[in-house]
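Descriptive structure summary
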Amino acid sequence: MSSEFAVRVRNVGKCFHMYDKPQHRLRQMLGATKRQLYREFWAVRDVSFDVRKGETVGIVGCNGSGKSTLLQVICGTLAPTEGQVDTKGRLAALLELGAGFNPEFSGRENVYMNAAILGLSRSETDEKFDEIAEFADIGDFIDQPVKTYSSGMYVRLAFAVQACIDPDILVVDEALAVGDERFQRKCFARMEKLKGNGTSILFVSHSAQNILDWCDRAILMHKGESIYSDSPVNTIQAYQKLIYAPPDQQGTALAQIKTFRLATMEVRTIEAAAESVKSSAQEDVAFFDPALVPETTVTY
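Owing to the predicted nature of the structure, the values given are computational and were not obtained by experimental measurement.

Attention shifts here to the packing of helix α4 (residues 122-136) against helix α5 (residues 151-164). Look at α4 against α5: their axes get within 8 Å of each other, and the N-to-C directions meet at 140 degrees. The angle between α4 and α5 falls in the class oblique. α4 and α5 meet at a crossing whose hand is right-handed. For the pair formed by α4 and α5, the contact residues are K128, E131, I132, F135 and A136 on the first element and R156, L157, F159, A160, V161 and C164 on the second. In terms of residue class, the contact of α4 with α5 is built from 8 nonpolar, no polar and 3 charged.

So, in C-alpha cells, the structure goes:
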C-alpha cells in the first residue's frame, strides 16, 4: 500500500438552509428581505482524513450522521460549504440506487452515457461493454428502459459500470445491500481485485461484518462530525458502544469514545517517537564504517 494519498479531505463542512415555508426560500433568493429566513443545518462539519492509494476505508455511523453527504462532497455532486477535497485519478461512485441513470434510456445506453461521464471514449466502452454486461447478468433487459428494472437489476448494472472501468478510486454507499447474497459476494470479489490492483475504496456500510472483513481502517461519524478513526475492530466497538447506549447515557458514551480517541492518539504519538528513535539508531548503524574501528586502545 502506497503512502501517497488518493483522497485528501481537509476541514470539510456542508451546510443546508432549512426554510419553514416555500415562499421564504423565494423571498431570500430574490433579496426581498434583509432578514435571514432560514435555519442552518450542518450535515457535515470540520471533517479531515486521507485515503492512501490501495487503501480501503469504511465509514460507519447512525442514520443522519452525515456519511452520504460526505461521500457526495468527495465525489463532487455536492459543493462543500467550507474546506477542501482533493482526489487523484479516475473516481467511480455508487452513491444511491439508480443515481446517474436516465430512466427512459435502455441499460445499454446508460452504460455508454455513464462511461462517457467517467472519461471513457466510445471505443474504450466498446471494449469494456461485454465485461460490464456479463458482470451485471441481467440478460435481455440490457436493451430495455431502466425504468422497468427491479431494484436488484438497477444495482447490478450500476455497480458493473463503476467497477469494470478499473477506477483509481471507488466510492460505494450501502447500495450493495439491495443485491442478493450471491451478487454481493460477486461485488466484494471484484472490490478485492480492484484493491489488489491499487484502487482506493471508500465504503459506507451498516454491516459491522463487512467493515471488519474488507476495510483497512474505519471512521465513525456522529451528527456530521468524525468522532473516531482507527482499526476496523476498534471503530466498530466504538460504534456499537454508541448505538446500544440507552438514550440517557448517549452523552456519556460519546464522551468516552472521544476520550478513547485522545488516548489512542497519545499512544500513537509515543509509538511514533519510539519509532523515530529506532530509525535514528538504524541510520547511525548504516553510516557506521567498520574501517574506523581502532585496533587498539593503547596510547603512545
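This brings us to the sheet that holds strand β7 (residues 200-204). Here 6 strands make up an open sheet; going across it, the order is β5-β6-β7-β3-β8-β9 and the pairing mixed. Each of the sheet's edge strands pairs with one partner strand only, and the pair in question is β5 (91-94) and β9 (225-230). Each adjacent strand pair in this sheet contributes to an overall mean axis angle of 15 degrees, direction not counted. Of the strand pairs in this sheet, strand β6 (residues 169-173) and β7 are connected by 5 bridges, and their pairing is parallel. Its bridge partner lying in β7, V171 is registered against L202. Packed on one face of the sheet, helix α2 (residues 67-75) meets β3 (56-60), β5, β6, β7 and β8 (217-222) and runs near 155 degrees to β6.

Time to look at the pattern of salt bridges. For the coordinates displayed, the defined rule picks out 15 salt bridges. Each member of the salt-bridge network shares a partner with another, and the members are K128, E131, D166 and R190.

As for its position among the elements, L212 is in helix α7 (residues 208-214). Those residues within four positions of L212 in sequence are excluded, and the remaining contacts are P232, V233 and I236.

Extensive coverage of β3 is indicated by the burial of 5 of its 5 residues. Of the two faces of β3, both are covered, the one formed by T56, G58 and V60 as well as the one formed by V57 and I59. Of the pairings in the sheet, the one linking β3 to β7 comprises 4 bridges and is parallel in character. When the bridges of β7 are listed, T56 appears paired with I201. Relative to β8, β3 is paired through 4 bridges, and the arrangement is parallel. Looking across to β8, one finds that G58 is bridged to A218.

On to the packing of helix α3 (residues 107-117) against α5, then. In the contact formed by α3 and α5, the axes pass within 10 Å of each other and the chain directions differ by 35 degrees. For α3 against α5, the interelement crossing comes out right-handed. Judged by residue contacts, G107, V111 and N114 of α3 engage L157, V161 and Q162 from α5. Looking at the contact of α3 with α5 residue by residue, the class counts come to 3 nonpolar, 3 polar and no charged.

Our focus in this paragraph is the nonpolar core. Among the nonpolar cores identified, the biggest contains 49 residues, and L157, F159, F203 and L220 are the most heavily contacted of them. For this core, the element with the most residues is α5, which contributes 10 residues. Once you skip the residues sitting within four places of it in the chain, L157 turns out to touch F101, G107, V111, I132, A136, I142 and Y149. Core analysis: the next-biggest nonpolar cluster, separate from the first, contains 23 residues, V9, V44, L78 and L202 among them.

One open sheet accounts for 3 strands, arranged β2-β1-β4; its pairing is antiparallel. Across the chains shown, the open sheet's two edge strands, defined by having one partner strand only, are β2 (38-52) and β4 (82-87). For this sheet, the mean angle separating the axes of adjacent strands, direction not counted, is 25 degrees. The pairing of strand β1 (residues 5-19) with β2 spans 11 bridges and is antiparallel. Following the sheet pairing, C15 is matched in β2 by W42.

The rules behind the values
- Residues numbered from 1 in each chain as written.
- Predicted model: local features only at pLDDT ≥ 70, side-chain atom pairs only at ≥ 80, totals over all residues.
- Heavy atoms only, no water.
- Axes fitted to C-alpha atoms, helices over the stretch in contact; angles between N-to-C directions.
- Helix = DSSP H or I, 4+ residues; strand = E, 2+ residues; numbered from the N terminus.
- Parallel < 35°, antiparallel > 145°, perpendicular 65-115°, else oblique.
- Left-handed = near helix turned anticlockwise from the far one by under 90°.
- Contact = heavy atoms within 4.5 Å.
- Nonpolar A, V, L, I, M, F, W, Y, C, P; charged D, E, K, R; others polar.
- Pairing = 2+ DSSP bridges.
- Salt bridge = Lys/Arg side-chain N within 4 Å of Asp/Glu carboxyl O.
- Buried < 20%, exposed > 50% of the residue type's maximum accessible area, 1.4 Å probe, protein only.
- Core = buried A, V, L, I, M, F, W, Y, C linked by side-chain atoms within 4.5 Å.

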